[in-house]
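# Structural description and commentary
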Amino acid sequence: MRKPRKKKVKSKKSIVNQIPGKVVYVGEKQTQDTLIEVFEYSKDFLTYKKLAQVEEAFAYKDSKNIAWIDFDGLNNTQAIESLGNHFGLHPLLLEDIVNTRQRPKIDVYEDYIFIQIKMLYYDTQDVLIKEHVSIAFGENYVISFQEAESDVFDGVRERLQNAQGRLRTFKTDYLAYALLDAILDHYFEVVEQLAEKVENLEDNLFTNNVNNQTALDIQELKREIIRVRKAIFPVKEVIARLENGSHKLIEARTKNYLRDLHDHGIQVAENIEIYREMTWGLMDMYMSSISNKMNEVMKVLTIMASIFIPLTFIAGIYGMNFDHMPELDWEYGYYYTWGVMILISLALVIYFKRKNWW
Amino acid sequence: MRKPRKKKVKSKKSIVNQIPGKVVYVGEKQTQDTLIEVFEYSKDFLTYKKLAQVEEAFAYKDSKNIAWIDFDGLNNTQAIESLGNHFGLHPLLLEDIVNTRQRPKIDVYEDYIFIQIKMLYYDTQDVLIKEHVSIAFGENYVISFQEAESDVFDGVRERLQNAQGRLRTFKTDYLAYALLDAILDHYFEVVEQLAEKVENLEDNLFTNNVNNQTALDIQELKREIIRVRKAIFPVKEVIARLENGSHKLIEARTKNYLRDLHDHGIQVAENIEIYREMTWGLMDMYMSSISNKMNEVMKVLTIMASIFIPLTFIAGIYGMNFDHMPELDWEYGYYYTWGVMILISLALVIYFKRKNWW
Amino acid sequence: MRKPRKKKVKSKKSIVNQIPGKVVYVGEKQTQDTLIEVFEYSKDFLTYKKLAQVEEAFAYKDSKNIAWIDFDGLNNTQAIESLGNHFGLHPLLLEDIVNTRQRPKIDVYEDYIFIQIKMLYYDTQDVLIKEHVSIAFGENYVISFQEAESDVFDGVRERLQNAQGRLRTFKTDYLAYALLDAILDHYFEVVEQLAEKVENLEDNLFTNNVNNQTALDIQELKREIIRVRKAIFPVKEVIARLENGSHKLIEARTKNYLRDLHDHGIQVAENIEIYREMTWGLMDMYMSSISNKMNEVMKVLTIMASIFIPLTFIAGIYGMNFDHMPELDWEYGYYYTWGVMILISLALVIYFKRKNWW
Amino acid sequence: MRKPRKKKVKSKKSIVNQIPGKVVYVGEKQTQDTLIEVFEYSKDFLTYKKLAQVEEAFAYKDSKNIAWIDFDGLNNTQAIESLGNHFGLHPLLLEDIVNTRQRPKIDVYEDYIFIQIKMLYYDTQDVLIKEHVSIAFGENYVISFQEAESDVFDGVRERLQNAQGRLRTFKTDYLAYALLDAILDHYFEVVEQLAEKVENLEDNLFTNNVNNQTALDIQELKREIIRVRKAIFPVKEVIARLENGSHKLIEARTKNYLRDLHDHGIQVAENIEIYREMTWGLMDMYMSSISNKMNEVMKVLTIMASIFIPLTFIAGIYGMNFDHMPELDWEYGYYYTWGVMILISLALVIYFKRKNWW
Amino acid sequence: MRKPRKKKVKSKKSIVNQIPGKVVYVGEKQTQDTLIEVFEYSKDFLTYKKLAQVEEAFAYKDSKNIAWIDFDGLNNTQAIESLGNHFGLHPLLLEDIVNTRQRPKIDVYEDYIFIQIKMLYYDTQDVLIKEHVSIAFGENYVISFQEAESDVFDGVRERLQNAQGRLRTFKTDYLAYALLDAILDHYFEVVEQLAEKVENLEDNLFTNNVNNQTALDIQELKREIIRVRKAIFPVKEVIARLENGSHKLIEARTKNYLRDLHDHGIQVAENIEIYREMTWGLMDMYMSSISNKMNEVMKVLTIMASIFIPLTFIAGIYGMNFDHMPELDWEYGYYYTWGVMILISLALVIYFKRKNWW
């Protein structure tokens, strides 16, 4: 019937009675390998390194170049804690980095800005994946934390390597923008997938090709839209605060890009709302489709019963065994009776035709 | 059955992993010819030219007169890029100009104001057309970008040529206002068409002239209203920002006109809301109409069955073959039986009449 | 069946491609006679004149007394234009005065205040009339524009003539207030009529006195409420701006009256919302009423069929022509059979009674 | 059937074409006796008087003690006018005092504060009573106007007499607070009654004890909640303005009490919203309950018809009169037939059992 | 059937006509023992005491160390009053401490801050418990008031004893934060339970495993969500005011923690909204499920009746007793008849198969 849903709720680890600021990973990817990649670059050069130990990343804090440290694997809480402590991130943020249930937010500190956002994409089996991403950036570093390696940032990596666009000439704020932009671009793909699902359902309903599965599909789509909406909605506000605040890390020339990003955030949220509204409307259509079907069933029953019940009655009459039933003795009684029956059924057929029931 | 919908979603080109500011056209009119028209005018004179090359437009940047450059054909991204760069438009704006999925917005720069808006009209086949229009205006130029040539701006062209109204004596802000005004005037026509569709559907429902198609028509109308609403709603805010901000390009005397435009924006949005509410209400009416029909079907069945089933039973009684059935031997048994049957059916007819089912 | 609705939409004159500020009347009363009345008054005297020519009104602009010029007949666009120009009204306002589709608004200019509002009342045939009223007032004049003569302002006229209340001692702002107050008083009457309609429909639904017409009546009422709401809602904001702004034309002593008016505006809007909510709820009641009726129909059918079908079966049994059917030869077989049939039907009757279906 | 509703609408007196500020009573209690009670008190003493003439109250305006004048009987407009004029209340307020349809509001004047609020309680016949109360208080007086004598203020009276609490030591602002507090306390009682009604209806629906009356009860409850909501909602805002404004009459030490009152206002409004939401949900439950019942009816019909129609058919077969029907001559044909019929009915019974229809 | 609900409403003690500030306990736990525990601590030491008399707690007011006084048992109003008076709490607060119906709020006084919040958890019988908690904290004390002893604060107690985290080194504001944090952590557990209930219901609906109980379960869940929502929603605002205000008791270093708490508040509220929306959607699914079932029932009836009614009619024909019925004399008439009947039923079976009814 329907695809079995992952039991998300039960597997949750309890976070009750924890010390605030204690770093506990609550996501699903418990056995994920840790992967630490660093791009160090300035306008003129770029080096790329895969780090074996998190400690190797500590040096970048004092480098004159910009370093993008991409940390994949939130289950390695120890490495995250030591990295975060070295770069001076607030303990509560370290807790948030690994708390995959944390909602998108932005926390502005004096020396760095911390952003949390959800990465959304459909994987190869067409399952909606929702990843928890944290981005912290200071004067000369950008650290991104992901649950697992993904190809969402591939475009950014390429542009860094090709020295394309403005990436290499702008500061860390633009790199952070570029990462957010890459994530939001994927939102549009998710929205398009949702749009397609809505249209497929609508087409099924339009062609009256509905069954019990249709209601389940609508409900599944509702749930998916609710999940996407929950991940996407707070993003608008996060970007707005990034765009509107004045912080030494945000350069004036980056603001135009952030405003553009903000527009994208609003646009994707508006689209979600539209597909949401249309999906909610599908249930009404489904109900009217069921009612129409029942109407049709009832009409068949009513027509069959209305025509044959009177005829059977007439046949019953002449099946009676009274001694004195003059019609029975008529020579053409049997044929007369057939005639009456045919007339009655014709009259009823015409009546139902007139009512447009046929 | 229903008109096949254009598969909007599938044909979309991917914009994922693009460099921000890269100019990629994503609309449908891929083979559109590029058309560049220029009106150069001051209070005293007006010249009109059709440009073969976009480079011919560059000179207007330094002209003392006002130039309106109307650029039709967003697929020609190269020309747009060179034109935009010459007039100093921000690269992100060039990306937005050709991104037909961009929502209406206004971006205010020091030397120019950039507005994006959707042009809405019904074409000759009564299909709702939604065009992406961008208007950028500076001290002495207004550049408008459209997907394709349309007659929405014809009124403005005429008034320019006839030196009618204030167009020739006011600055570029008034020309930009006039273009927006022309677009909003067409919104009212779209709203009137929607109003008519709502009323037609209502009339069908009022006369109980409903069938399965009706639900589809309601859903189609819902979708159309959602699309129109999405295009029109942000416009209010765009105009409000144009009206309320203080920018050297916006003259005091133009503000009254912008306020009037703002009023129109609110009015058209209010009307959309009203037709939206009425359309959503139609589904309820449709459902009640179906229920009424089913009631009617059930009544026919119930009346037919209730009358003839007892009669058939009586006929069945006297069709039994018991040796001792005194009634069978009565001389008028057969007639008595008919009498009883007529009495029973009369009683039932009266009963149903009383219940107002007949 | 239902009263034919006026085809409002089709008769609309196109306003597309008009010059902004061009004065075009779009209402229905094309053949209305123009009526210009002037009340000139100060604390001590009052004169009343009916003007034949609009030019006669020009003199009042420089009078030391207060003049109320009441202009009825918006189809006379020429007179309105010349009057408006003489009194220095902005061209866009003249366009709005005759554009009956304009929504309620207030425009504050340095020397005068311009208010637009809808007059609502039920005419003698109980049809809801919606008139477009504009009021412009300056230092010493109040000009009111109406589609046609109406008795809404009769109370104000009377009080002027009787020197009752504060009308003659206050300035033009109080006269404008008095006119608005008269219009809002009629809103309450409209709300009362709507209340009555809601209650009548509710009473019908409560007494189960419903048919197909009921759904149409509910929909008609919905439409009427939507229309009234559209006309009344912006009025709150208009009055609030009049009350809260500080303009040389608005005296401090009038502010209390405007606040009171504002309260009335809120009150009438709240009432509309309440009747709206109740009307929307009526559809639910109607649906449940239909369902109840269907339940009743189904019960009758089920009871009739359930009782007689088994009995007919038994009669059928003993109508079979097998050679060896011992019961047929029993002396009291026929009576036994009747006994069984009566027992079965009694059992079923009791069963249905127990289920509360009877 | 249902309790007859009082025809509120029809009995309304028209307030159209009235002079603003004219004092016209529009409530129902036209024959109410006027009752004027005065409590004059300071920290050390208290006198209580019942006044025969309103003029006796005039002296309290200049008293050094605090006077609470409780005026019951809004139909005595003359007395209210002379009392109000003596204490310097604005004419519009006098109009509002007797206009029982006025919504709750607060008007702050330099020398006094004027509050209007609805008193809500269930009378001994469990009918919801909604009384219009006005409270005006200045430096040394509090005047309260009620439609009729009620026991809502009894607690305040008692505390005044017993010198309990802070009443006698605080100023008039605290007395006004105490009166408002007494009114809000009764709101909680009303909310509890509504809660009980909601729960009773829910219990009926839970036990499937529904009939046509249930829908009416739900609608009645909806109407009652709408009425209560309309009366209670504006109160929050009234108290907030009292709490937040700074006026010489409001002492700092009273502010804590006003904040507490504000909390109560929010709480009662929240509760109303909750019961409103639950009541609206009841209609859904009711509809599902009806559908369930219909399902049950249909199942009985289907089972009866499905079992007996095939059996009757078989009986019909062997009731045919063909010359050559071999089964008829079999010795045990009759018994075989019974066997087949029993097998068929058993099969159908098992089928329906499997479908959980039985 | 369904679990009996506690009759919350009826058992409420009347709070009408009370003196404001009078301390009256209105909760259910009337016979609760009073339990007073004190943790006195500084960075270096910690003592724990169980107090027999409330008077023993008075000394902590002037201690140099921080004291956390945990008071369990709101029915002991006398002890609360004397404790509150000694620590200088406003009388209205004492009233609120024992008024379990009070909504969450924060009151900021010069020397102390007073917070009220609801503690939510599922007890061992899976019943949702809602406890009224008040927290007042000044320079060197934190007093918490609970209805009864619970284990919600156990984590805080442990951390105090183990000198873990920041608890012992921060001031009273951090202890208050820690208590609030412990309460909010339990909100997440409640939300997870609700999530599970929603999913269970959804799974039932998906597998079509519905009956009348399902509607009741949905309604029960709705009620539970409404209750939780009412308790949780005001908390966001309470924390926001704590975070944003500037008060001498709130240290800068605690603000980060409060912001984090605020985030949690928003997150839990968002989750509640999502489960609320999904629960409301369940009713639609339930209705469509019922309609589907009815459709199925109707199809069985229609198929059975449509097939056998015509056959019975044919059998009835040849059961007639006319003298001249040629078919009866045919040698194979009986077999021909069977053939016709089989053909008819086959045709109908194919017809219904084609319609996908089978």
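Residues numbered from 1 in each chain as written. Chains lettered and ligands numbered in written order. Predicted model: local features only at pLDDT ≥ 70, side-chain atom pairs only at ≥ 80, totals over all residues. Heavy atoms only, no water.

## Observations concerning the sheet that holds strand β6 (residues 128-137) of chain C
All names here are of chain C. Strand order in the open sheet formed by seven strands is β2-β1-β3-β7-β6-β5-β4, and the pairing between neighbours is mixed. The open sheet has two free edges, formed respectively by β2 (46-51) and β4 (105-108), since each of these has just one partner strand. For this sheet, the mean angle separating the axes of adjacent strands, direction not counted, is 15°. Direction of pairing for β6 relative to strand β7 (residues 141-146): antiparallel, over a ladder of four bridges. Directly across from I135, in β7, lies its bridge partner S144. Helix α3 (residues 154-162) rests against β1 (35-41), β2, β3 (66-72) and β7 of the sheet, and its axis sits at about 35° to β1. (Pairing = 2+ DSSP bridges. Helix = DSSP H or I, 4+ residues; strand = E, 2+ residues; numbered from the N terminus. Axes fitted to C-alpha atoms, helices over the stretch in contact; angles between N-to-C directions. Contact = heavy atoms within 4.5 Å.)

## As for the interface of chain C and chain B
The partner chain B presents 72 residues to the 72 residues of chain C that form the contact. Buried surface at the junction of chain C and chain B, both sides included, amounts to about 6,300 Å², of which 58% is carbon and sulfur. Interface area lost by chain C to chain B is led by P20(C), R103(C) and Y334(C), which between them contribute 11%. Linking chain C with chain B are nine salt bridges, by the criterion used here. In this structure, E192(B) engages R101(C) in a salt bridge whose closest nitrogen and oxygen atoms are separated by 3.1 Å. (Buried area = accessible area lost by both parts, 1.4 Å probe. Salt bridge = Lys/Arg side-chain N within 4 Å of Asp/Glu carboxyl O.)

## Observations concerning unusual backbone geometry
Even without being glycine, N356(B) reaches a positive phi, approximately 65°. Among the secondary structure elements, N356(B) is positioned in the segment after α8 (333-354).

## Some points on the relation of the copies chain C and chain B
Mapping chain C onto chain B is achieved by rotating through 72° and translating by 0.0 Å along the same axis, at an RMSD of 0.1 Å. Taken together, the rotation and translation describe the operation of a five-fold axis. Using C-alpha coordinates, one finds that chain C approaches the rotation axis most closely at G319(C), a distance of 4.7 Å. Comparing interface residues between copies, only 17% of those in chain C also lie at the interface in chain B; the contact surfaces differ. (Least-squares fit on C-alpha atoms with pLDDT ≥ 70 in both.)

## Section: the packing of aromatic side chains
As enumerated under the stated definition, the model contains 100 aromatic pairs over all chains in all. Centre to centre, the rings of W330(B) and Y336(B) are 6.2 Å apart; their planes meet at 75°, and the pair counts as edge-to-face. Ring plane angle 85° and centroid distance 6.2 Å describe the contact between F313(D) and W338(E), whose orientation is recorded as edge-to-face. Of the two residues, F313(D) is situated in helix α6 (residues 252-317) and W338(E) in helix α8 (residues 333-354); the pairing between them involves two chains. (Phe/Tyr/Trp six-rings, centres within 6.5 Å; stacked < 30°, edge-to-face > 60°.)

## Regarding a nonpolar patch on the surface
Residues and elements named next belong to chain A. Together, W330, Y332, Y335 and Y336 line one region of the surface with nonpolar side chains, adding up to about 490 Å² of accessible area. Mapped onto the fold, Y335 is located in helix α8 (residues 333-354). Residue classification places Y335 among the partly exposed residues on the basis of a relative accessible area of 42%. (Patch = residues over 30% accessible without salt bridge, like charges linked within 9 Å, V, L, I, M, F, W, Y side chains within 5 Å. Areas by Shrake-Rupley, 256 points an atom, 1.4 Å probe, with all protein chains shown as cover. Buried < 20%, exposed > 50% of the residue type's maximum accessible area, 1.4 Å probe, protein only.)

## Let's talk about the interface of chain A and chain B
Facing the 72 residues of chain A at the interface are 72 residues of chain B. Buried surface at the junction of chain A and chain B, summed over both partners, amounts to about 6,200 Å²; 58% is from carbon and sulfur atoms. On the chain A side of the interface with chain B, the three residues burying the most area are F206(A), F313(A) and F322(A), jointly 12% of the side's total. Joining chain A to chain B, the criterion identifies nine salt bridges. Applying the counting criterion to the chain A and chain B interface returns 18 residue pairs in polar contact (both at pLDDT 80 or more). A total of 35 residues in the side of chain A that touches chain B trace back to one element, the largest contributor, which is helix α6 (residues 252-317) of chain A. Counted by class, the side of chain A that touches chain B contains 30 nonpolar, 22 polar and 20 charged residues. (Polar contact = N/O pair within 3.5 Å; in protein donor to acceptor, adjacent residues only side chain to side chain. Nonpolar A, V, L, I, M, F, W, Y, C, P; charged D, E, K, R; others polar.)

## Some thoughts on the packing of helix α6 (residues 252-317) of chain C against helix α5 (residues 212-244) of chain D
Running from N to C, α6(C) and α5(D) cross one another at 170°; their axes reach a closest spacing of 11 Å. The angle between α6(C) and α5(D) falls in the class roughly antiparallel. Between α6(C) and α5(D), the residues in contact are E270(C), N271(C), I274(C), E277(C), M278(C), G281(C), L282(C), D284(C), M285(C), S288(C) and N292(C) and N212(D), A215(D), L216(D), Q219(D), K222(D), R223(D), I226(D), R229(D), K230(D) and P234(D), respectively. For the contact of α6(C) with α5(D), the class distribution of residues is eight nonpolar, six polar and seven charged. (Parallel < 35°, antiparallel > 145°, perpendicular 65-115°, else oblique.)

## Side note on the packing of helix α4 (residues 172-206) of chain D against α6(D)
Residues and elements named next belong to chain D. Here α4 crosses α6 at 20°, and the two axes come no closer than 10 Å. Comparing the axis directions of α4 and α6 gives the class roughly parallel. Handedness of the α4/α6 crossing: left-handed. Per-class residue counts for the contact of α4 with α6 are 23 nonpolar, six polar and three charged. (Left-handed = near helix turned anticlockwise from the far one by under 90°.)

## Quick notes on the environment of Y141(A)
Residue and element names in this part refer to chain A. Along the chain, the position of Y141 falls in strand β7 (residues 141-146). Looking at Y141, the relative accessible area reads 6%, which means it is buried. Taking C-alpha positions, Y141 is 6.5 Å from T172, a pair spaced 31 residues apart along the chain. Excluding its chain neighbours within four sequence positions, the residues that come into contact with Y141 are A67, F87, Y112, A136 and T172.

## A short note on the pattern of salt bridges
The tally for this structure, following the rule as stated, stands at 105 salt bridges over all chains. D96(E) is paired through a salt bridge with K105(E); the nearest N and O atoms lie 2.5 Å apart. We note that D96(E), like K105(E), is buried. Three or more residues are tied together by salt bridges with common partners; here these are D96(A), K105(A), D107(A), R259(E), D260(E) and D263(E).

## A word on the environment of Q125(B)
Residue and element names in this part refer to chain B. Relative to the helices and strands, Q125 resides in the loop between β5 (113-122) and β6 (128-137). Put simply, Q125 and I232 are 107 residues apart on the chain and 22 Å apart in space, counted from C-alpha to C-alpha. A distance of 3.3 Å separates a polar atom in the side chain of Q125 from a polar atom in the side chain of T124.

## Overview of the sheet that holds strand β5 (residues 113-122) of chain D
Strand pairing within a sheet occurs via backbone hydrogen bonds; the two strands may be parallel or antiparallel. Residue and element names in this part refer to chain D. Ordered in space as β2-β1-β3-β7-β6-β5-β4, the seven strands form an open sheet in which the pairing is mixed. Of all the strands in the sheet, just β2 (46-51) and β4 (105-108) have a single pairing partner and so form its edges. Shown here is a sheet whose adjacent strand axes are inclined to one another by a mean of 15°, direction ignored. One ladder, built from six bridges, connects strand β3 (residues 66-72) with strand β7 (residues 141-146); its direction is parallel. The residue bridging A67 from the neighbouring strand is Y141, located in β7. Each of β4, β5 and β6 (128-137) touches α5; the most contacted strand, β5, lies at about 150° to it.

## Quick notes on the UniProt feature "transmembrane region" (unreviewed entry) in chain A
All names here are of chain A. Mapped onto this numbering, the UniProt entry gives "transmembrane region" (unreviewed entry) at residues 300-320 and 332-352. The distance separating the terminal C-alpha atoms of residues 300-320 is 30 Å; by composition the span is 86% helix and 0% strand. Helix makes up 95% of residues 332-352 and strand 0%, with an end-to-end C-alpha separation of 30 Å. (UniProt positions renumbered as here; feature names shortened; annotations may be inferred.)

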